[in-house]
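Take a look at the letters that make up each chain.
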Amino acid sequence: MDKVLWVTGGGSGMGAAAARHAAGQGWRVAISGRREDALAQVAATITAAGGEALTVPLDVTDPEQVRAAHDTVLQQWGRLDGLVLSAGLNNPRRSWADQNMDDFARIVDTNLVAIARVIDVSLPELRQRQGVVVVISSYAGWQVSPMAGVAYSASKTALSSVAISLNKQEGEHGVRACHLCPGDVATEFLQQRPNVPDAAAQAKMLTPEDIGRAVLFVLDSPSHVRIDELVISPVSQR
Ligand SMILES: NC(=O)c1ccc[n+]([C@@H]2O[C@H](COP(=O)([O-])OP(=O)(O)OC[C@H]3O[C@@H](n4cnc5c(N)ncnc54)[C@H](OP(=O)(O)O)[C@@H]3O)[C@@H](O)[C@H]2O)c1
């Protein structure tokens with residue numbers, strides 16, 4: 001297979017797991033995030049297992065870096081067939097009483113605007129390749145969850161509109177998007193909670209690999225199959 005996948009948030013958690021799963025099935029995988037050492041570790045794991053990986057560091061909130069990263073992937077591999085958009089942000093201050101507007105804007109910029117930006121820059125290639133887009137949203141993007149944070153839940157519920165509009169408007173070009181909504185997953189993202197769950201609580205959560213497997217199912221579905229939304233939660237989810 002010569003298909004190319006670009007993963008944002010690929011240096012850790014679900015993005016890294018999705019990259020590993022896809023590479024294991026022959027996708028060439030470009031992984032992006034801010035921490036170059038984290039990207040390099042994921043790439044090393046993929047290449048050690050016989051896969052192909054390219055690290056493309058970026059901050060998703062910087063339009064020029066997004067454009068440059070996109071161009072790097074195309075220069076390197078000449079095509080782009082899929083996106084996994086996993087870069088995300090939250091903050092421990094989650095209520096109207098204690099949030100601040102700078103944090104609010106950063107969360108919306110990372111979780112919503114940057115997702116649209118990466119899709120926008122990739123759209124010409126996705127149209128050519130009948131590309132597939134997996135938007136890593138959240139349980140809070142499926143059911144309004146104020147406890148997840150005002151900015152976080154607002155940014156994640158909007159991702160449903162992003163995926164639906166992409167499907168309705170770009171389906172004629174073969175482009176498919178999945179609004180993937182994980183419940184609690186044991187990743188470093190939990191450090192952004194006001195009360196970080198202990199080891200016993202994390203042991204009941206999903207693992208990044210659970211989501212990596214689901215992402216691969218979406219990526220490798222036949223080109224006439226669209227999986228509009230996937231909600232995946234641990235049985236302990238409340
Ligand atoms: N863990 C959960 O319980 C849970 C549940 C539902 C949904 N989610 C969502 O799942 C996604 C992945 O999170 P995760 O749980 O796998 O945690 P994670 O390991 O912390 O992944 C988040 C990733 O986003 C990247 N990132 C953050 N800001 C960025 C920026 N400005 N530019 C580029 N990359 C950026 C981080 O890399 P750098 O710091 O290196 O940039 C990191 O690799 C997020 O969108 C999150 O909202 C998480």
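None of the values given here were measured: they were computed from a predicted structure.

Parameters at a glance
- Residue indices begin from 1 for each chain and proceed along its sequence in written order.
- With pLDDT at 70 or above as the cut-off, local features in this predicted model cover only qualifying residues; side-chain atom pairs require 80 or more to be listed or tallied, and sums for whole chains, interfaces and linings still use all residues.
- In computing side-chain properties, one takes all heavy atoms of the structure into account and sets aside hydrogens as well as water.
- We call a residue near a given molecule or strand whenever any one of its heavy atoms falls within 4 Å of it.
- Each polar contact in these results corresponds to two N or O atoms within 3.5 Å; when the atoms are within protein, one needs to be able to donate a hydrogen and the other to accept it, and residues that are neighboring in sequence are counted only if both atoms are side-chain atoms.
- Runs of E in the DSSP output that reach at least two residues are strands. Runs of H or I that reach at least four are helices, and both are numbered from the N terminus.
- Side-chain classes follow a simple rule in which Ala, Val, Leu, Ile, Met, Phe, Trp, Tyr, Cys and Pro form the nonpolar group, Asp, Glu, Lys and Arg form the charged group, and the remainder, Gly included, forms the polar group.
- UniProt positions are given in the numbering used here, feature names are shortened, and annotations may be inferred rather than shown by experiment.
- Put simply, a nonpolar core is a bunch of buried Ala, Val, Leu, Ile, Met, Phe, Trp, Tyr and Cys residues held in one set by side-chain atoms that sit within 4.5 Å of each other.
- Burial status follows relative accessibility: with a 1.4 Å probe on protein chains alone, a residue under 20% of its type maximum counts as buried, one over 50% as exposed, and anything between as partly exposed.
- Whether two residues touch is decided by their heavy atoms; if any such pair falls within 4.5 Å, the residues are in contact.
- Two strands make a pair as long as DSSP finds a minimum of two bridges between them.
- The axes used here are C-alpha line fits, helices contributing only the stretch in contact, and every angle between their N-to-C directions lies in the interval 0 to 180 degrees.
- Comment on the angle field: the value is read as roughly parallel under 35 degrees, roughly antiparallel over 145, roughly perpendicular from 65 to 115, and oblique elsewhere.
- Crossing handedness is read from the near helix: turned anticlockwise from the far helix by less than a right angle, it gives a left-handed crossing, and turned clockwise, a right-handed one.
- Here, a salt bridge means any Lys or Arg side-chain nitrogen found within 4 Å of an Asp or Glu carboxyl oxygen.

Enquirer: It is not clear to me how the site of the ligand should be interpreted in this structure. Could you clarify?
Expert: Inspection of the region around the ligand gives 27 residues, with Ser12, Arg34, Arg35, Tyr152 and Thr187 positioned closest. One nitrogen or oxygen atom from the side chain of Ser12 is found 2.7 Å from an oxygen atom belonging to the ligand. At 2.7 Å, a side-chain N or O of Arg35 approaches an oxygen atom of the ligand. Listed by contribution, the elements that provide at least two residues to the shell around the ligand are α1 (13–24) and α6 (150–170). Here the shell around the ligand is built from residues that sort into 10 nonpolar, 11 polar and 6 charged.

Enquirer: Quick question: what am I supposed to make of the UniProt feature "domain: Ketoreductase" (unreviewed entry) in the protein here?
Expert: Residues annotated in UniProt with the feature "domain: Ketoreductase" (unreviewed entry) correspond here to residues 3–189. This span, residues 3–189, is 50% helix and 16% strand, and a straight line between its end C-alpha atoms measures 29 Å.

Enquirer: How do you make sense of the nonpolar core when you look at a structure like this?
Expert: Soluble, globular proteins show a tendency: their nonpolar side chains are buried together. Counting residues in hydrophobic clusters, the biggest one holds 32 residues, and the most contacted among them are Val29, Val84, Leu180, Ile211, Val215 and Leu219. Counting only elements with at least two residues in this core, the list comes to β1 (4–8), α1, β2 (28–32), α2 (36–48), β5 (132–136), β6 (176–182), α8 (208–219) and β7 (229–232). Not counting chain neighbours up to four residues away, the residues in contact with Ile211 comprise Met14, Ile136, Leu180, Pro182, Val185, Leu206 and Ile232.

Enquirer: Explanation requested: the sheet that holds β1 in the structure shown.
Expert: Strand-to-strand pairing in sheets goes through backbone hydrogen bonds, with the strands running parallel or antiparallel. Reading across from one edge, β3-β2-β1-β4-β5-β6-β7 is the order of the 7 strands in this open sheet, with parallel pairing throughout. With partners counted over all chains shown, the strands left at the sheet margins are β3 (53–55) and β7, one partner each. Shown here is a sheet whose adjacent strand axes are inclined to one another by a mean of 15°, direction ignored. Here 5 bridges tie β5 to β6, and the two strands are oriented parallel to one another. When the sheet's bridge partners are listed, Ile136 is paired in β6 with Leu180. Contacts from helix α4 (residues 101–129) reach β1, β4 (82–85) and β5, with the element oriented near 175° to β4.

Enquirer: Which parts of the structure should I look at to understand the packing of helix α3 (residues 63–77) against α4?
Expert: Geometrically, a packed helix pair is captured by the angle between its two axes and the distance between the axes. Two elements in contact, α3 and α4, have axes whose closest approach is 10 Å; the angle formed by their N-to-C orientations is 30°. Classified by the interaxial angle, the pair formed by α3 and α4 is roughly parallel. Crossing handedness for the pair α3 and α4: right-handed. Only Arg117, Val118, Val121, Ser122 and Glu125 of α4 make contact with α3, whose side of the interface consists of Pro63, Val66, Arg67, His70 and Leu74. When grouped by side-chain class, the residues that make up the contact of α3 with α4 number 5 nonpolar, 2 polar and 3 charged.

Enquirer: Can you walk me through unusual backbone geometry in this structure?
Expert: Residues other than glycine predominantly adopt negative phi, and peptide bonds predominantly adopt the trans conformation. In this structure, Gln130 takes a positive phi of about 50° despite not being glycine. The residue Gln130 is located in the loop between α4 and β5 in this model.

Enquirer: Whenever I open this one, the pattern of salt bridges confuses me. Can you help?
Expert: Opposite charge on two side chains permits them to pair, given that their charged atoms come into close proximity. One pass over the full model with this rule turns up 11 salt bridges. In this structure, Asp2 engages Arg79 in a salt bridge whose closest nitrogen and oxygen atoms are separated by 3.2 Å. Of this pair, Asp2 sits in the segment before β1 while Arg79 sits in the loop between α3 and β4, and the two are 77 residues apart along the sequence. Owing to a relative accessible area of 42%, Asp2 belongs among the partly exposed residues under this scheme. Of the charged contacts, one joins Arg93 and Asp103 as a salt bridge, the two residues approaching to 2.8 Å between their closest N and O atoms. Of this pair, Arg93 sits in the loop between β4 and α4 while Asp103 sits in helix α4, placing them 10 residues apart in sequence. Where salt bridges share partners, they join Asp2, Arg79 and Asp81 into one cluster.

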